[in-house]
Amino acid sequence: MATTVAGALAGSALVLAPAPAVAAPAADVLLAEVYGGGGNSGATLTNDFIELANKGSAAVAIDGWTVQYLPAAPKPTSTWQVTPLTGAVAPGGRYLIGEAKGAGGTVALPAPDASGTINLSGTGGTVALVRGSTALTCLTAADCLADGRVVDVVGYGDAVVREGTPASGASNSASVARGSALADTDDNGADFTAGAPTPLNARGQGPTDPGPGTDPEPTSARIHDIQGTTRVSPKNGTRVTAVPGVVTGIRSFGAARGFWFQDTQPDDDPRTSEGLFVFTGTVTPKVAVGDAVKVTGRVEEYYPGGVQNGAQSLTQLADATWVIGASGQPLPAPVLIDAATVPAAYAPTGNPSIEGLPLEPTKYALDLYESLEGQLTRVVDTRVVGPSNSHGELWVTVEPTQNPTAQGGTLYGGYDAQNGGRLKVSSLIPFSQEPFPQANVGDTLSGETVGPLTYDQFGGYSVAATKLGKPVKGSLTPEITRDQKKTELAVATYNVENLSPKDPQAKFDRLAKGIVTNLSTPDVVALEEIQDNSGPTNDGVVAADQTLNQLVAAITAAGGPTYSWRSIDPVDGRDGGQPGGNIRTAFLFDAARVEFVDRPGGGSTSAVGVRKDWLGRTQLTQSPGRVAPADPAWQSSRKPLAGEFRFRGRTVFVIANHFASKGGDQALDSRFQPPTRGSEVQRVAQAKVLRGFVDQLLGSDPRANLVVLGDLNDFAFSPTVKTLTDGGALRTMVDTLPANERWGYVYNGNSQMLDHILTSPRLTRFEYDIVHVNAAFADQASDHDPQVLRVRPSTGNDFLDCLEQLWDELFERS
């Protein structure tokens, strides 16, 4: 429990319950660890201690505050013992209070930030953090938590005064401590766990040996012993002591703070990294680059995102303490990563995983990176292949000739073309000191970028830069496609990325400009990710008329037509996407150029069909209508929207799609090789359902003008797309482009295809363009590039089509 404090008394209401007693969770300073076994039999540490932590974003002054102690089972005559505090607790920092020294133990506490003489019980008692110097008089949980001076309480063992249930497991060799997230649920038993004591002072220093010139414990391993020759440390789960190295980088922000250190006496095995990360949770470690340290801690394999997502692990030290022996030491030379050092092959195959395989850094790119995990590395004059994002990241390639796109990216052209030259670059430099460079695909990160090589679930291996190269602009500018001719129907697809009225007007204006200027006002625009009127607020609203009308108004204001629109509201919560958003597809169309054929009956659960009119012409039973919305393939996913249009007297059928997300697939850099594409199963099922409808329509009229388009969330070479194109029922337009231009989305530095336009065989006179305005740029209106197809719909008669083509060519030349 705690009230919010910021260096002065802050009024708050305490929440009282008869049993168990609780109060408002802490917002900043709270009790983080309590140890009462110092100097007792079996103890390593010589002193008891109490440790505070500040999980807030501002320093908290604690001058005049106290920590106080009460026996576990107080008698009517029991009194609280008091230790006064001074100074402040830094944001994300710790504050150590040293207490009574026992007769045993061999290791002293790090220099305390405050000292007292309280002799805490090793197994049970109560510690309170109090705003004030006067001893408490309360002897029950309810009375103590009702005292407005009390900031936080920890009862352990069989303590009577506690929040909720008492913390368990305290002993001469174990403290009780909060986890790295500093959770405060007002239940000591849930918030605190027992473990080896880990005292840290405000400088981030751990225990020190009382003897001059000696280590607190002997060196039990060097970094290369910990890293080992596979992806998993041979010492995983064990405690190592006094591991030597020099600090090479510090992460001083976020929830995964810590530092990298590197051995200056490497072995001669290229498989074993000489660098290692020390995880300190939300506490900024009080070390400096160049400090010579000896670190004691527990070796663990951390799986970013959880073991279940298939990522590789990061070998690190947790629950660590360290001793600084010297400062200003020279750093090891960073290892150059370039085209000459990265193998062409991406990864070995493993059954079931590659974790246990000996690393082969000269054979596989992933093995090379793993052999350098935690070490200082450098890249020089690298081309940007993934634009800067809001998290302060970009992607570069160290292999500039590896599948380059025409725009300067790296093309992902097949499941076996992973592009091992890609590396993420992030920064360890706070943005307030040096803003992260804003770079687009095709720019160059000039000069040296240096930092420890690390790994995470948001892009794999990454240079955590302590020195950033300078961005040099390339030639890429937003593309503008040509306007359609009078005889051409322009049909576009655009994923507008969770658009709703909750977005700023600037996003609507950017999208509108893209449609009017860059897409040259297509006649029909299939939109994906249109959210309902309340956006991500999960309130039962499903209508999206406000979203669509606001976009139409922005388009008109940008000089475009006043588009009409058609869409079908989904059943609330049934179409996936951002919770509450109810994303769906929609059609915009320019009624001055193209007619939408409205035919009643369409609804969220009604299935569109195909029939012939009394003249034998094929038509939809509903327009707009949804394709097989009750089919299990569309569970928690968007249903295709079919519409019937008329252009220059010809019927054109358009089906807008947004297939199931790729979320949950194992990453290219997964420890499972090849990675499992679990989400693909649903998309293939969706493609089969859609293909069934396509076959029904073309079976009714083999000469039908049909355009299938949208975000299929899969690649041109995928089984999903092949299901739609097998047998020539549909042709994918991207295959008509040069190979190095087949992309409209950039993910982790790979330029790839997720959005597609496919046509029936009858559409033979067309021009297709992926209009690059978003995906390659740091400044984006959406993460997808739109696409446009300019096509002359068929009359259904070969002779008439031929005559019309000749006439159009003569007319256009004149």
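Residues numbered from 1 in each chain as written. Predicted model: local features only at pLDDT ≥ 70, side-chain atom pairs only at ≥ 80, totals over all residues. Heavy atoms only, no water.

**Points about the overall build of the protein**
Okay, step 1: Secondary structure summary: the protein contains nine helices and 41 strands in total.
Okay, step 2: Considering the protein as a whole, with its 814 residues, one finds that 57% of them fall into the buried category.
Okay, step 3: Relative to all contacts within the protein whose residues are 6 or more apart in sequence, the contacts with residues 24 or more apart total 70%.
Okay, step 4: Of the roughly 30400 Å² that the protein leaves accessible, carbon and sulfur atoms contribute 54%.
Okay, step 5: Between the averaged position of the 63 positive side-chain charges in the protein and that of its 86 negative side-chain charges there is a distance of 6 Å. (Helix = DSSP H or I, 4+ residues; strand = E, 2+ residues; numbered from the N terminus. Buried < 20%, exposed > 50% of the residue type's maximum accessible area, 1.4 Å probe, protein only. Contact = heavy atoms within 4.5 Å. Areas by Shrake-Rupley, 256 points an atom, 1.4 Å probe, with all protein chains shown as cover. Lys, Arg positive; Asp, Glu negative; His and termini not counted. Charge placed at Lys NZ, Arg CZ, Asp CG, Glu CD.)

**Quick notes on the confidence of the model for the protein**
Okay, step 1: Summing up the model confidence of the protein, the mean pLDDT is 92 and the portion of residues at 70 or higher is 93%.
Okay, step 2: Confidence drops under pLDDT 50 across residues 1-23; counting only partners more than four residues distant or on other chains, this segment forms 60 contacts.
Okay, step 3: Note on residues 209-216: pLDDT is under 50 here. Beyond four places in sequence and across chains, it has eleven contacts. (pLDDT = per-residue confidence, 0-100.)

**Things to note about the sheet that holds strand β1 (residues 29-35)**
Okay, step 1: One open sheet holds the six strands; their spatial order is β8-β7-β2-β1-β11-β12, and the pairing between them is mixed. Looking at which strands have only one partner, the edges of the open sheet turn out to be β8 (114-115) and β12 (192-195).
Okay, step 2: As paired elements, strand β11 (residues 175-178) and β12 share four bridges and run antiparallel to each other. From the neighbouring strand, Val176 faces β12, where its bridge partner is Ala194. (Pairing = 2+ DSSP bridges.)

**Some points on the sheet that holds strand β13 (residues 239-251)**
Whether parallel or antiparallel, the strands of a sheet pair through hydrogen bonds between backbone atoms.
Okay, step 1: Around the barrel, five strands lie side by side as β13-β14-β15-β17-β16; this closed barrel has mixed pairing. Each neighbouring strand pair of the sheet contributes to a mean axis angle of 55 degrees, computed without reference to strand direction.
Okay, step 2: Relative to strand β15 (residues 275-281), strand β14 (residues 257-262) is paired through six bridges, and the arrangement is antiparallel. Residue pairing for β15: Phe261 is matched across the bridge by Leu276. (Axes fitted to C-alpha atoms, helices over the stretch in contact; angles between N-to-C directions.)

**Considerations on helix α6 (residues 545-557)**
Okay, step 1: A rise of 1.5 Å per residue sets the reference length of α6, with its 13 residues, at 18 Å; its end C-alpha atoms lie 18 Å apart and thus fit the reference within 8%.
Okay, step 2: Within α6, the full set of buried residues consists of Thr547, Leu548, Leu551, Val552, Ala554 and Ile555. Mapping the buried residues of α6 onto a view down its axis gives an arc of 160 degrees, with all of them on the same face. (Expected span 1.5 Å × (residues − 1). Arc of directions from axis to C-beta.)

**What about the side chain of Asn748?**
Okay, step 1: Along the chain, the position of Asn748 falls in the loop between β37 (745-747) and β38 (750-752).
Okay, step 2: A relative accessible area of 16% places Asn748 in the buried class.
Okay, step 3: Every residue in contact with Asn748, bar those within four places of it in the chain, is listed here: Trp395, Arg422, Phe458 and Gly459.

**Some remarks on empty space enclosed by the protein**
Over the atoms rolls a probe the size of a water molecule, and its path tells where empty space is left.
Okay, step 1: A complete count under the given rule lists two cavities of 30 Å³ or more for this structure.
Okay, step 2: Considering the residues around the largest cavity, the lining is formed by Tyr346, Leu366, Tyr369, Trp395, Asn419, Gly420, Arg422, Leu423, Gly459, Gly460, Tyr461 and Asp669.
Okay, step 3: Mapped onto the lining of the largest cavity, the elements with two or more residues apiece are α4 (365-371), β21 (422-427) and β23 (460-465).
Okay, step 4: Its residues assigned to classes, the lining of the largest cavity comprises six nonpolar, four polar and two charged.
Okay, step 5: Of the volumes computed, that of the second largest cavity is approximately 50 Å³.
Okay, step 6: Contributing to the lining of the second largest cavity are Ser567, Ile568, Asp575, Arg584, Thr585, Arg626, Arg638, Lys639 and Leu641. (1 Å grid on protein atoms, 1.4 Å probe; cavity = no way out; pocket = protein on both sides within 12 Å on 5 of 7 lines; lining within 4 Å. Points joined across faces, edges and corners; volume = space filled by probe spheres on them. Nonpolar A, V, L, I, M, F, W, Y, C, P; charged D, E, K, R; others polar.)

**Considering the layout of surface pockets**
Okay, step 1: Computed from the structure, the second largest pocket encloses a volume of approximately 990 Å³.
Okay, step 2: What lines the second largest pocket is a set of 46 residues, and nearest its centre among them are Ala196, Pro197, Thr198, Asp319 and Ala320.
Okay, step 3: Residue assignment for the lining of the second largest pocket shows that the elements contributing at least two residues are β1, β11, β12, β13, β15, β16 (292-302) and β17 (314-326).
Okay, step 4: Of the residues that constitute the lining of the second largest pocket, the class distribution is 20 nonpolar, 17 polar and nine charged.

**What to know about the packing of aromatic side chains**
Okay, step 1: Overall, the coordinates contain 17 aromatic pairs when judged by the stated rule.
Okay, step 2: An angle of 90 degrees between the planes, with centres 5.5 Å apart, marks the rings of Phe587 and Phe645 as edge-to-face. With Phe587 in strand β28 (residues 584-589) and Phe645 in strand β33 (residues 641-647), the pair connects residues that are 58 residues apart, well separated along the chain. Summarising the burial analysis for this pair, Phe587 and Phe645 share the class buried.
Okay, step 3: Site record: aromatic cluster; members linked through ring pairs are Tyr412, Tyr415, Phe715 and Phe717.
Okay, step 4: Over the aromatic face of Tyr415 sits the side chain of Arg677, whose NZ or CZ is 3.7 Å from the ring centroid. (Phe/Tyr/Trp six-rings, centres within 6.5 Å; stacked < 30°, edge-to-face > 60°. Lys NZ or Arg CZ within 6 Å of the ring centre and 35° of its normal.)

**Thoughts on the environment of Arg790**
Okay, step 1: As for its position among the elements, Arg790 is in strand β41 (residues 787-791).
Okay, step 2: For the pair formed by Arg790 and Ala73, sequence separation is 717 residues and the distance between their alpha carbons is 83 Å.
Okay, step 3: Contact partners of Arg790, with chain neighbours within four places excluded, come to Thr481, Arg482, Asp483, Gln484, Glu488, Leu489, Ala490, Arg765, Phe766, Glu767 and Asp769.
Okay, step 4: Of note is the side chain of Arg790, whose polar atom sits 2.9 Å from the side chain of Thr481. (Polar contact = N/O pair within 3.5 Å; in protein donor to acceptor, adjacent residues only side chain to side chain.)

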